[in-house]
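# Structural overview
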Amino acid sequence: MTLLGKDTVSVEQCEVYQEQGAVANDNMDGNLSSDIAITGTVNSSVVGNYTLTYTVSDAQGNSSNTSRVVKVVDTKKPGIFSYGKRIKNNDEVQIQIGTLFVDPVNGFDTCNGSISVNKIPGYNGMVNTLVRATYPVTYYAVDPHGNKAVEDGFTINYRVDDYIAPEIALNTPDTVIHDVNSPYSTQSVTVFDNYYVTNKISVEKTGKVNPFVIGLYSESFKATDESGNATTKVRYIKVVDRVAPSIITSAVNVCVGTPFWAFSEVSVEDNYYSNDELLPLVKVLDHNVNIYVPGIYHINYQVIDPSGNKSQVVLRPVFVQFPPNCSNSFLANEELTLDKKVMVHPNPTEGKFQVSYSFQNNETAKVVVMDMMSKVVREGNLQGGIGAEYFDLSNMAAGTYLVRISNNKESITEKLIVTK
């Protein structure tokens, strides 16, 4: 009988032992390999030496035996772990000051399970979560069979410090509404911290507010504690105009048959916008003026400023009388040419504009808007008397356009700038 393989073999602990068997031949009975009996067992989970005996007999009762020694050995190194991951040498672990610390490091061997770990504190001793410092701890572990851990002698540096950033209270809403042209003072913020007192926290402010210009501004506050933890909070300041403009005008004393400009001696007062900005926005809401029939009439005006504030409706009396009970100081027929009877505004415009007019006749005026190649892009009519008509070039390209207005055999052309 001959063993297959060596008569002494080794198997790693917890691995499966693979039996190689043996062969037997007899000069009379031939191959008796299938009759070989093996006695003994191998427990690969327990380190030690195990003997297996091989026995075979021929038909005449002659027997033969041999044996093999199986050595179960442990040569694999265990590991040192923290929260299921192998530790790294000189790794830094942050610990929030004032919290409870339980060292999570443990040893583990693939076959033997948990193993003890020897934890050696460094120069600052055991971890003290009440004192800011770095606490090195070195770890050692050996399995029951003398194998040192792969991480044997590795050190973890536990850094006890404050890792929570301060909190900032703006003491105002996140967005503050501020009226334009009124002084602005920054509202101080309040800071809180889980560890440091207030005078140990620095606060840096950036951002400026111009209270005299409408717009959205921001103030950024950054609070930093002595451990370097920082947080930022932003306050937005919306400078707005909430005051409605006022239209200033006076009664008109008109001679019968004499045209007049409806916006003569009309001005607008406002806390923010100038008269030049607001006058083109004044609208004639309605009127009942007939300059050919003596009587008392009215024109109603209103203006909405760019901030959306709407003025009160102002009624302007218009007295149409015969001389000498009327005044033509700024209304003389011969002085009022077509260019004085119409106004194209605003100019420049983002697309929409208005043609305001005051005619001494009831004839319809024609408005033609052309591009610089003389291509007509808009057309419209102005009814006689006093009024206004809107035109929209919002879907046209930015550039210069020509607005031609014709009335009672007079014609003028004005340039209109469209911006985007």
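Basis of the calculations
Residues numbered from 1 in each chain as written. Predicted model: local features only at pLDDT ≥ 70, side-chain atom pairs only at ≥ 80, totals over all residues. Heavy atoms only, no water. Helix = DSSP H or I, 4+ residues; strand = E, 2+ residues; numbered from the N terminus. Rg over C-alpha atoms; globule rule 2.2 N^0.38 Å. Contact = heavy atoms within 4.5 Å. Phe/Tyr/Trp six-rings, centres within 6.5 Å; stacked < 30°, edge-to-face > 60°. Buried < 20%, exposed > 50% of the residue type's maximum accessible area, 1.4 Å probe, protein only. Pairing = 2+ DSSP bridges. Axes fitted to C-alpha atoms, helices over the stretch in contact; angles between N-to-C directions. Core = buried A, V, L, I, M, F, W, Y, C linked by side-chain atoms within 4.5 Å. Salt bridge = Lys/Arg side-chain N within 4 Å of Asp/Glu carboxyl O.

Below, the discussion takes up the overall build of the chain. Secondary structure summary: the chain contains two helices and 35 strands in total. Radius of gyration (C-alpha) of the chain: 50 Å, far over the 22 Å computed for a compact globule of 420 residues. For the chain, the spread of C-alpha atoms along the principal axes amounts to about 160 × 65 × 30 Å. The contacts of the chain with a sequence gap of at least 6 include a subset with a gap of at least 24, amounting to 58%.

Applying the stated criterion across every chain yields a total of six aromatic pairs. A ring pair is formed by F101 and Y158, whose centres lie 5.1 Å apart and whose planes are at 65°; its orientation type is edge-to-face. With F101 in the loop between β11 (91-96) and β12 (105-109) and Y158 in strand β16 (residues 154-161), the pair connects residues that are 57 residues apart, well separated along the chain. The exposure class of F101 is partly exposed, given its relative accessible area of 25%. Its relative accessible area of 2% is what places Y158 among the buried residues. Measuring from centroid to centroid gives 4.8 Å for Y195 and Y196, while their planes differ by 85°, and the two rings are edge-to-face. Note on Y195: relative accessible area 39%, which makes it partly exposed.

Our next topic: the sheet that holds strand β33 (residues 386-392). A sheet is described by the order of its strands in space; here three strands give the open sequence β29-β30-β33, paired in antiparallel fashion. Looking at the sheet topology across the chains shown, the edges are occupied by β29 (342-345) and β33. Strand after strand, the sheet turns through a mean of 15° between neighbouring axes, direction not considered. Examined bridge by bridge, strand β30 (residues 352-358) and β33 share seven bridges and lie antiparallel to one another.

The next subject is the sheet that holds strand β2 (residues 8-12). The strands making up a sheet associate through backbone hydrogen bonding, with each pair oriented either parallel or antiparallel. In spatial order, the strands read β2-β8-β7-β6; together these four strands make up an open sheet with mixed pairing. The open sheet has two free edges, formed respectively by β2 and β6 (37-39), since each of these has just one partner strand. Put simply, the sheet's adjacent strands are angled 25° from each other on average, direction ignored. Relative to strand β8 (residues 63-73), β2 is paired through five bridges, and the arrangement is parallel. Pairing of S10 across the sheet is with K71, part of β8.

Take the nonpolar core next. Membership of the largest hydrophobic core comes to 23 residues, with the highest contact counts inside it found for F260, V289, I299, Y301 and V318. The set of elements that each furnish at least two residues to this core consists of β24 (252-255), β27 (295-302) and β28 (314-321). With sequence-adjacent residues up to four places away left out, V289 is seen in contact with F260, Y297, H298, I299, V318 and I386. Within the second largest apolar cluster, 20 residues are counted, among which are V344, V355, Y357 and L382.

This part is about the pattern of salt bridges. A full pass over the atoms with the stated rule returns 10 salt bridges. The partner of D103 in a salt bridge is K119, and the shortest N-O contact between them spans 3.8 Å. With a gap of 16 residues between them, D103 in the loop between β11 and β12 and K119 in strand β14 (residues 118-121) connect regions that are remote in the sequence. Of the residues examined, K119 reaches a relative accessible area of 29% and is grouped as partly exposed. Close ionic contact of E219 with R235 constitutes a salt bridge, the shortest N to O distance being 2.9 Å. Of this pair, E219 sits in strand β21 (residues 215-224) while R235 is found in strand β22 (residues 230-240), placing the two residues 16 residues apart along the sequence. Its relative accessible area of 1% is what places E219 among the buried residues. Since its relative accessible area comes to 1%, R235 is described here as buried. A single network of salt bridges, built from pairs that share partners, joins R132, R159 and D161.

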